[in-house]
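What follows is the residue order along each chain.
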Amino acid sequence: MLILWALLLLRPSPPTAAGNSEVFFAQVGGSVTLPNEGHTEKESVYVRWYFCFNQEQHLLIWKHPKQDSPKNEAPDGFKQRVSLSKDSSLIINPVQGTDFTDSGFFRCERQDYRTMNRKDYILYRVDLPPGLTLLAGDELSLYCQTEPGVTAPSIRWVSPSGEPYGVQNSLRVKNISFQHSGVWTCEAPSDPPKLKATTEVTVIDLSPSPPDSVYTSLSSGSPPWLPCSLSSAISWSDAQEKGLRTGGWSFAPLNLTHRPKQQLLLQLQPSAAWKKTNDSGAPNKPFLQERELKDHFLSVKIPKVSLDVRGTYTCSLEFSPGRTLSRTLQLEVLEVLSSPSAGPRVPSPKGSTKPEEHLCPE
């Protein structure tokens, strides 16, 4: 009986998360880094990472202090998703639903010749709305959702350009434009972050107009293109889901006696294309070239240049209900004239030191 009691005492107890467990929040499909705490540049310790569940401890990956690369011994569910950073922190990418606390926890063991230290990490879920598609001028609204009943760390929002935004779980940005397209991040300001989630935001907008006029000349052998494009590579079907009805290119000549007139209309079916308008009467007949639209580039070409094409051009897209995106640009046509020969000389008055002048022909 005494021997039986001794064996029971020596038997290792099922793994349970230690009281000093550290909480991290991760997003399904994202990545998370669990730190190897106490790491120093010149250390001689074994580092082993485990995933503990069903009262069992499963080895994932380990590194010998004299090894150049770690040894991955993870089961199939982790094999392709775990790696070690330079300081032997555990990187999980991508995170799956089975990685969270209701399934188990992660353990880091650091062992040298004299001691062994353990650190446990519990993962909780954080969610953001999936990819959003919005129209320029809309309000962007995001919420960083953590599991109820779990205290989350303070967070900050980071825009696609890296600009910091608010420090609350919710984010609101009014009157958005193409500059707000991209990946938005909510994260805890720690290294590595104890909470991180991202979402892709696509803003349907037109790229900015050229800061200067577009120039061409009567003698140019290359027809000019008038630039216009969607700021994001969005599909035409997605644009129509956001209410795209039609669009156009219009022209206002330098001679203000003629009102601006539509040159091309956007045809959406059976495929997107710029098509000439039905009204092609003088004095402002269409001269922009029709073309199929295979991508987000809306530029058009003037196949024949004359002085009549000088003026202001407007590229526009119309959405329901009553929303319009537009950009304007100025086209200048240069007329290259040959230099006239020198005219008759005008002699300077007697005694004057003023150089002789040339008469320029009218």
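Every chain is numbered on its own, with residues counted from 1 as its sequence reads. Given that the model is predicted, a residue must reach a pLDDT of at least 70 before its local features are reported, and side-chain atom pairs must reach 80 or more before they are shown or counted; all residues, however, enter totals for whole chains, interfaces and linings. As a rule here, side-chain values come from all non-hydrogen atoms in the structure, and water together with hydrogens is ignored.

J.: Please set out the pattern of salt bridges residue by residue, giving values where relevant.
T.: Just to be clear on terms, a salt bridge is a Lys or Arg side-chain nitrogen sitting within 4 Å of an Asp or Glu carboxyl oxygen. Scanning the entire structure with this criterion turns up 12 salt bridges. In this structure, Asp99 engages Arg81 in a salt bridge whose closest nitrogen and oxygen atoms are separated by 2.8 Å. Taken together, the positions of Asp99 in the loop between strand 7 (90–92) and strand 8 (105–111) and Arg81 in the loop between helix 2 (76–79) and strand 6 (82–84) put the pair 18 residues apart, joining distant regions of the chain. Using a relative accessible area of 7% as the deciding quantity, one classes Arg81 as buried. For Glu139, the salt bridge identified is with Arg172, shortest N-O distance 2.9 Å. Separated by 33 residues along the polypeptide, Glu139 in the loop between strand 10 (132–135) and strand 11 (140–143) and Arg172 in strand 14 (residues 170–173) bring together distant segments of the chain. Judged by relative accessible area, which is 59%, Arg172 ranks as exposed. When salt bridges with common partners are traced through the structure, they connect Glu22, Glu37, Lys119 and Lys194 into a single cluster. Helix and strand definitions here come from DSSP, where helices need a minimum of 4 consecutive H or I residues and strands a minimum of 2 consecutive E residues; each element is numbered from the N-terminal end. Exposure classes here rest on a 1.4 Å probe applied to the protein chains alone. A residue is buried below 20% of its type maximum, exposed above 50%, and partly exposed in between.

J.: Hey, could you go over the pairing of strand 14 for me, with residue numbers and the actual values?
T.: What you see with strand 14 is a clean split: Leu171 and Val173 sit on the buried side and Ser170 and Arg172 on the side with no burial. Sheet analysis places strand 11 next to strand 14, joined by 4 bridges and oriented antiparallel. Among the inter-strand pairings, Leu140 is bridged to a residue of strand 14, identified as Val173. At least two bridges found by DSSP between two strands is the condition for calling them paired.

J.: For the packing of aromatic side chains, give the residues involved together with the corresponding values.
T.: Pairing of aromatic rings covers Phe, Tyr and Trp, the last counted by its six-membered ring, and requires centre-to-centre distances within 6.5 Å; plane angles under 30 degrees mean stacked, over 60 mean edge-to-face, and any other angle means tilted. Counting across every chain of the model gives 11 aromatic pairs. Taken together, a centroid distance of 5.1 Å and an interplanar angle of 70° make the contact between Tyr165 and Trp184 edge-to-face. Taken together, the residues span a long stretch of sequence, with Tyr165 in the loop between strand 13 (156–158) and strand 14 and Trp184 in strand 15 (residues 182–187) at a distance of 19 residues. Judged by relative accessible area, Tyr165 falls into the partly exposed class, the value being 27%.

J.: I'd love a proper account of the nonpolar core, names of residues and values included.
T.: Here is a general trend for soluble globular proteins: nonpolar side chains tend to be buried in one another's company. The definition of a nonpolar core used throughout is a set of buried Ala, Val, Leu, Ile, Met, Phe, Trp, Tyr and Cys residues joined through side-chain atoms within 4.5 Å. Within the largest apolar cluster, 59 residues are counted, with the highest numbers of intra-cluster contacts made by Leu226, Trp249, Leu288, Leu298 and Tyr313. The contact criterion used is simple: two residues touch if any of their non-hydrogen atoms lie within 4.5 Å. Discounting residues that sit within four places of it in the chain, Leu288 has contacts with Leu226, Trp249, Gln263, Leu264, Lys276, Val300, Lys301, Ile302 and Tyr313. Formed by 22 residues, the second largest nonpolar core is a distinct cluster that contains Phe24, Ile61, Phe78 and Phe106.

J.: Just give me the short version of the state of the cysteines, but keep the residues and values in it.
T.: Note that a disulfide, as used here, is simply two cysteine sulfur atoms within 2.5 Å. If you walk through the whole model with that rule in mind, you get 2 disulfides. Here Cys144 pairs with Cys186 through a disulfide, and the sulfurs are 2.1 Å apart. On the S-S bond that ties Cys144 to Cys186, the torsion sits near 45°, and the link is right-handed. One end of the pair, Cys144, is in the loop between strand 11 and strand 12 (145–146); the other, Cys186, is in strand 15, with 42 residues separating them in the sequence.

J.: Just give me the short version of the sheet that holds strand 17 (residues 214–217), but keep the residues and values in it.
T.: As summarised here, the arrangement of the 7 strands in space is 17-25-24-19-20-21-22, forming an open sheet in which the pairing is mixed. Every interior strand has two partners, whereas the edge strands, strand 17 and strand 22 (291–292), have only one. In terms of strand pairing, strand 24 (residues 311–319) meets strand 25 (residues 323–334) through 9 bridges, oriented antiparallel. By the bridge assignment for strand 25, Gly311 is matched with Leu331.

J.: Please set out the sheet that holds strand 2 (residues 32–34) residue by residue, giving values where relevant.
T.: Here we have 3 strands laid out as an open sheet, ordered 2-7-6, and antiparallel in their pairing. Pairing within the sheet leaves two strands with one partner each, and these edge strands are strand 2 and strand 6. Pairs of neighbouring strands in the sheet enclose a mean axial angle of 25°, with direction left out of account. Taken together, the 3 bridges between strand 6 and strand 7 define a ladder with antiparallel strand orientation. Its bridge partner being in strand 7, Leu84 is matched across the sheet by Leu90. Between N-to-C directions, angles span 0 to 180 degrees; the directions come from axes that are lines fitted to C-alpha atoms, helices contributing only their stretch in contact.

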